[in-house]
Structure formats: structure tokens, C-alpha cells
Amino acid sequence: MLNNTYNKLYKNKKLNFIVIDGLDGSGKGTITDLLANKCIKYGNNVLKVDYPQYTTKWGKILKYLLKVNDMNLNLEERMAVYSINRLESIDSIFLSVNSFKNIDNDLTIIFDRFPTSNVLTISYYLAKSINNKDLDTKILDKLPVNKYLKLMNSLDKYFYNFFKLKNAKIVIPQINPRITIDRIQRDNTREGSDSYENINVQTIADYIYKELSNIPNSNIYIVNQEEKPPQIVANAVFNIYKHNYTKPLEVNDCEILNLSINNDTVQSLEVENSINHILSKYPKLVNLLNINVGNL
């Protein structure tokens with residue numbers, strides 16, 4: 001069983017988790033790379049996991065919703081699709097963990113995006129209902145931020161349970177939303193923009209992340225990166241997790257792997273049941289499986 005496999009991992013080696021989340025274009029990928037290199041110096045293999053995973057069945061649906069048609073999903077339904085996409089990756093994560101050359105090394109899993117990335121989904125729906133001229137602190141201060149946190153935790157409870165991550169520390173590299181939009185527009189590696197990549201969505205998300213960090217026991221940490229080089233930001237992020245590491249090793253055989261998802265992998269019963277439970281709560285999502293995603 002999947003849970004037994006993971007319990008065995010916990011028993012045989014030390015597992016660490018680093019979680020980076022935040023705005024599109026905020027430099028998460030660069031910071032993640034720097035953190036991975038730092039972790040291997042401390043004798044850890046590193047598995048980098050990026051969300052969303054667009055190559056999966058539900059990942060392709062997500063891409064369609066972002067770039068083609070939002071299918072008139074309500075907020076919770078859209079958030080649930082992201083939750084399912086994360087669950088789709090669970091079995092591949094376990095397979096990837098066992099693909100390191102030296103599986104006896106301690107392991108760090110670095111998540112680039114997390115269930116808290118649904119802050120952007122919340123912000124997308126709010127931006128549609130708030131007039132540009134009304135986007136000020138008076139409006140933002142009325143947002144039910146605590147309610148959103150509970151909703152995110154509820155939707156991703158299965159994901160948290162698989163990794164025993166209920167109290168995971170989540171770091172948000174904070175930066176001016178206008179800077180992130182400028183970066184996105186100048187990034188030639190992107191396949192066009194999606195519906196989340198506009199200034200209102202990013203501004204609302206920035207506000208919500210800050211407010212979430214002020215909620216007791218939210219385990220959300222803001223690291224300001226304005227006008228700071230990525231290495232300085234990465235060091236500040238690593239210091240939040242540093243108590244999990246002992247000391248750097250002069251010689252080690254650690255390596256960094258990116259999550260590789262094989263869509264032919266047979267889904268474990270635990271993951272299948274978790275996805276089906278979400279679908280039973282949001283039956284409209286079953287219809288999305290009939291979407292022709294084309295070459296997305």
C-alpha cells in the first residue's frame with residue numbers, strides 16, 4: 001500500500017521538505033534551484049516537484065481552463081481541479097524517490113508551488129468581481145482571508161496526509177506585483193500568458209499571502225526579495241529550514257532530480273480513492289474529462 005511505502009521511507013531515512021509558493025514571475029524557479037544546490041551540500045538527495053503538472057490528464061484540463069475556456073466553474077470547483085492535479089503526482093513522486101543512485105542518502109523534497117497556490121485561483125475569481133478602480137485596501141481588507149485558508153486546507157487534506165505535511169512551513173518570496181508582470185511579459189520562454197497573469201490577480205494574491213502569514217499557526221513565512229540578488233533570498237529561505245540540517249559535507253554522492261511523471265503508471269488505490277472523493281463532492285468536474293484538450 002502507498003502509505004506503507006511512505007512510512008518505510010520515513011523509517012529508513014531523514015526526510016526534509018522545503019516549500020516555495022507565491023506570485024507568477026516572482027523567481028520561485030531560480031530560488032528553488034539555488035536551494036537544491038545548497039541541500040546537496042548537506043548530504044541530501046533532492047527531488048524538485050513543480051506544480052501544476054501540465055502533462056497529466058488533469059494537468060491538460062487545467063491548461064485548457066487557463067488558456068482557452070474556464071468552463072464556468074465556480075471557485076471551489078476550480079480549486080478542486082488543482083487539488084486533483086497534485087494528487088495525480090503522488091505515485092510518481094514515490095517512484096522518483098526510489099530512482100536516486102544512492103537511495104540511502106537523506107532526502108529533501110522541494111515543492112515549487114503548494115496547495116497555497118490556490119491563492120491565485122481565489123484572486124482570479126475576486127479580480128473578476130472587483131472593478132479596477134475599486135482595488136484598494138478598503139476592498140482588500142474586507143476579504144475573508146481566514147475562510148480561504150480553511151478552504152485550501154480542506155480541499156488538499158489528502159495531499160497533506162500522504163506526506164504528513166499538515167504543519168509544513170511555506171515560504172513566499174514577496175515582490176511587487178508590477179515587477180512580476182513585467183518579468184512575465186519579457187519572458188520569451190513562456191507559451192503565452194494565462195488568465196492568472198494580470199496585475200489585478202497578482203495584486204490581490206500578494207495581499208492575501210501577506211494576510212495569511214499573519215494568521216497564527218498558518219506556517220506561512222514572507223521573505224522580502226525586493227532589490228535583493230537571488231542568492232541572498234535563497235539563503236534567507238534556507239535559514240527558515242536550516243534546523244533540519246546538520247553541517248555541510250566536503251564530499252558526497254548526492255544528486256538533484258526533477259519529478260518525472262509517467263502517465264502509464266498505475267494509480268495506487270489510495271490516490272484513486274482520494275480523487276474520486278473530490279469528484280463525488282464536485283460532480284460537475286467529471287464532465288471535464290470529455291474536453292478535447294488538443295495539443296495543449
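Nothing here was measured: the structure is a model prediction, and the numbers come from that model. (Residues numbered from 1 in each chain as written. Predicted model: local features only at pLDDT ≥ 70, side-chain atom pairs only at ≥ 80, totals over all residues. Heavy atoms only, no water.)

Draft legend 1. Quick look at the overall build of the chain. The number of helices and strands found in the chain is 13 helices and six strands. Its C-alpha radius of gyration of 19 Å places the chain within 12% of the 19 Å reference for a compact globule of 296 residues. By principal-axis analysis of the C-alpha atoms, the chain measures approximately 55 × 45 × 40 Å. For the chain, the residues scored as buried account for 53% of the 296 residues in total. For the chain, the accessible area works out to roughly 14500 Å², and carbon and sulfur atoms hold 47% of it. (Helix = DSSP H or I, 4+ residues; strand = E, 2+ residues; numbered from the N terminus. Rg over C-alpha atoms; globule rule 2.2 N^0.38 Å. Buried < 20%, exposed > 50% of the residue type's maximum accessible area, 1.4 Å probe, protein only. Areas by Shrake-Rupley, 256 points an atom, 1.4 Å probe, with all protein chains shown as cover.)

Draft legend 2. Representation of the environment of Ser154 within the structure. Note that Ser154 resides in helix 8 (residues 145–155). Ser154 gets classed as partly exposed once you look at its relative accessible area, which sits at 35%. C-alpha of Ser154 to C-alpha of Pro115: the two residues are 39 residues apart in sequence and 10.0 Å apart in space.

Draft legend 3. Local environment of helix 11 (residues 199–213). Here helix 11 spans 21 Å end to end across 15 residues, near enough to the 21 Å set by a 1.5 Å rise per residue. Buried within helix 11 are the following residues: Asn200, Val201, Gln202, Ile204, Ala205, Asp206, Tyr207, Ile208, Tyr209 and Leu212. Where helix 11 starts, the residue carrying a side-chain oxygen 3.0 Å from the main-chain nitrogen of Asn200 turns out to be Asn198. (Expected span 1.5 Å × (residues − 1). Polar contact = N/O pair within 3.5 Å; in protein donor to acceptor, adjacent residues only side chain to side chain.)

Draft legend 4. Region of the structure containing the packing of aromatic side chains. Overall, the coordinates contain 18 aromatic pairs when judged by the stated rule. With a centroid separation of 6.0 Å and 75 degrees between ring planes, the pair formed by Tyr51 and Phe159 is classed as edge-to-face. Of the two residues, Tyr51 sits in the loop between strand 2 (44–50) and helix 3 (57–67) while Phe159 sits in helix 9 (residues 157–163), which places them 108 residues apart along the sequence. With centroids separated by 5.7 Å and ring planes inclined at 75 degrees, the aromatic side chains of Phe114 and Tyr160 adopt a geometry described as edge-to-face. Residue Phe114 is found in the loop between strand 3 (106–112) and helix 6 (118–129), and its partner Tyr160 is found in helix 9; the two are separated by 46 residues along the sequence. A network of ring pairs unites the aromatic residues Phe17, Tyr51, Phe94, Phe111, Phe114, Phe159, Tyr160 and Phe163 as a single cluster. In this structure, Lys63 is placed above the aromatic ring of Tyr54, and the distance from its NZ or CZ to the ring centre is 5.8 Å. (Phe/Tyr/Trp six-rings, centres within 6.5 Å; stacked < 30°, edge-to-face > 60°. Lys NZ or Arg CZ within 6 Å of the ring centre and 35° of its normal.)

Draft legend 5. Quick look at the packing of helix 6 against helix 11. Following both chains from N to C, one finds helix 6 and helix 11 inclined at 130 degrees, their axes separated by 8 Å at the closest point. Regarding the angle of helix 6 to helix 11, the classification is oblique. Helix-helix and strand crossings are classified by hand; for helix 6 and helix 11 the assignment is right-handed. Listed contacts from helix 11 to Val119, Leu120, Ile122, Ser123, Tyr124, Leu126 and Ala127 of helix 6 are Asn200, Val201, Gln202, Ile204, Ala205, Ile208, Tyr209 and Leu212. (Axes fitted to C-alpha atoms, helices over the stretch in contact; angles between N-to-C directions. Parallel < 35°, antiparallel > 145°, perpendicular 65-115°, else oblique. Left-handed = near helix turned anticlockwise from the far one by under 90°. Contact = heavy atoms within 4.5 Å.)

Draft legend 6. Representation of the confidence of the model for the chain within the structure. Per-residue pLDDT for the chain averages 88, and the proportion of residues at 70 or more is 91%. Per-element averaging of pLDDT across the chain places helix 1 (residues 2–12) at the bottom with 59 and strand 4 (residues 170–174) at the top with 97. (pLDDT = per-residue confidence, 0-100.)

Draft legend 7. Examining the pattern of salt bridges more closely. The final tally for this structure, using the stated rule, is seven salt bridges. A salt bridge links Asp21 to Arg113, with the nearest nitrogen and oxygen atoms 3.0 Å apart. Of this pair, Asp21 sits in the loop between strand 1 (15–20) and helix 2 (28–41) while Arg113 sits in the loop between strand 3 and helix 6, placing them 92 residues apart in sequence. Both residues of the pair, Asp21 and Arg113, belong to the buried class. Of the charged contacts in the structure, one is a salt bridge between Lys210 and Asp206, with a shortest N-O distance of 3.1 Å. With Lys210 and Asp206 both in helix 11, this residue pair falls four residues apart, about one helical turn. Given the relative accessible area of 10%, Asp206 is considered buried. One salt-bridge network, in which partners are shared between bridges, spans Asp21, Asp24 and Arg113. (Salt bridge = Lys/Arg side-chain N within 4 Å of Asp/Glu carboxyl O.)

Draft legend 8. Quick peek at the environment of Leu288. The topology assignment puts Leu288 in the segment after helix 13 (269–281). Between the C-alpha atoms of Leu288 and Leu65, which are 223 residues apart in sequence, the distance is 9.7 Å. Excluding residues within four positions of it along the chain, Leu288 makes contact with Trp58, Ile61, Leu65, Met71, Leu73 and Val81.

Draft legend 9. Up close: the pairing of strand 1. Among the six residues of strand 1, six are classified as buried, and the element is accordingly described as predominantly covered. Here strand 1 shows two buried faces, one formed by Leu15, Phe17 and Val19 and the other by Asn16, Ile18 and Ile20. One ladder, built from six bridges, connects strand 1 with strand 3; its direction is parallel. Residue pairing across strands places Ile18 opposite Ile110, the latter belonging to strand 3. Note that strand 1 and strand 4 share two bridges and pair parallel. By the bridge assignment for strand 4, Ile20 is matched with Val171. (Pairing = 2+ DSSP bridges.)

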